[in-house]
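Letter by letter, the chains look like this.
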Amino acid sequence: MADHGDKERLRDLSEVVMGMLVYLQHMLHDLPIPVVIPPILGEAGPNHDAIFALDRARDLIEDEPLAEQLRTAYGMLILEWFTAYELIVIRQMAGPAPWRLDAAQLAIDRFSTVVEAIEDGGLGDQS
């Protein structure tokens, strides 16, 4: 029974992580200098170029005309997404491990907190 709960939780967290990516893609596209990340899932399966593009975005954000706090926050969003995503992938490869899903949930929560801080405008001048 615990395995069923783990699989259900994995499915739910996987959906959240993919939703986070879509949201992050929109946020990055809306920057003063748009950063475009290709879809992570293509017809042939995972698009590894999207992962590398997202990593490259961390460098590109440094050139954005934003307050330092905002550039840092966008970098944190990308790292929190990577953290959650990789924990989900590891769980799928290695099997049930509740701490991986707990840690993925923490990364999701941190991502949400940073998004709220950005959207509230409390991280310095946004232009």
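Scroll up to find the structure this text is about.
Please read these numbers as outputs of a predicted model, since none were measured by experiment.

**Focus on the overall build of the chain**
A count of helices and strands for the chain gives four helices and two strands. Expected size for 127 residues packed as a compact globule is a radius of gyration near 14 Å; at 16 Å, the chain falls within 12% of this value. The principal-axis extent of the C-alpha atoms belonging to the chain is close to 50 × 35 × 15 Å. Across the 127 residues in the chain, those meeting the buried criterion constitute 39%. Taking the intrachain contacts of the chain between residues at least 6 apart in sequence as the baseline, contacts between residues at least 24 apart amount to 66%. Accessible surface for the chain amounts to roughly 7400 Å². Of this, 58% is attributable to carbon and sulfur atoms. Both charge centroids of the chain, one from 9 positive and one from 22 negative side chains, sit 8 Å from each other.

**Quick word on helix 2 (residues 48-61)**
Here helix 2 is 14 residues long and its end C-alpha atoms lie 20 Å apart, about the 20 Å a rise of 1.5 Å per residue gives. Listed as buried for helix 2 are Ala-50, Ile-51, Leu-54, Ala-57 and Ile-61.

Cut-offs used in this document
Residues numbered from 1 in each chain as written. Predicted model: local features only at pLDDT ≥ 70, side-chain atom pairs only at ≥ 80, totals over all residues. Heavy atoms only, no water. Helix = DSSP H or I, 4+ residues; strand = E, 2+ residues; numbered from the N terminus. Rg over C-alpha atoms; globule rule 2.2 N^0.38 Å. Buried < 20%, exposed > 50% of the residue type's maximum accessible area, 1.4 Å probe, protein only. Contact = heavy atoms within 4.5 Å. Areas by Shrake-Rupley, 256 points an atom, 1.4 Å probe, with all protein chains shown as cover. Lys, Arg positive; Asp, Glu negative; His and termini not counted. Charge placed at Lys NZ, Arg CZ, Asp CG, Glu CD. Expected span 1.5 Å × (residues − 1).

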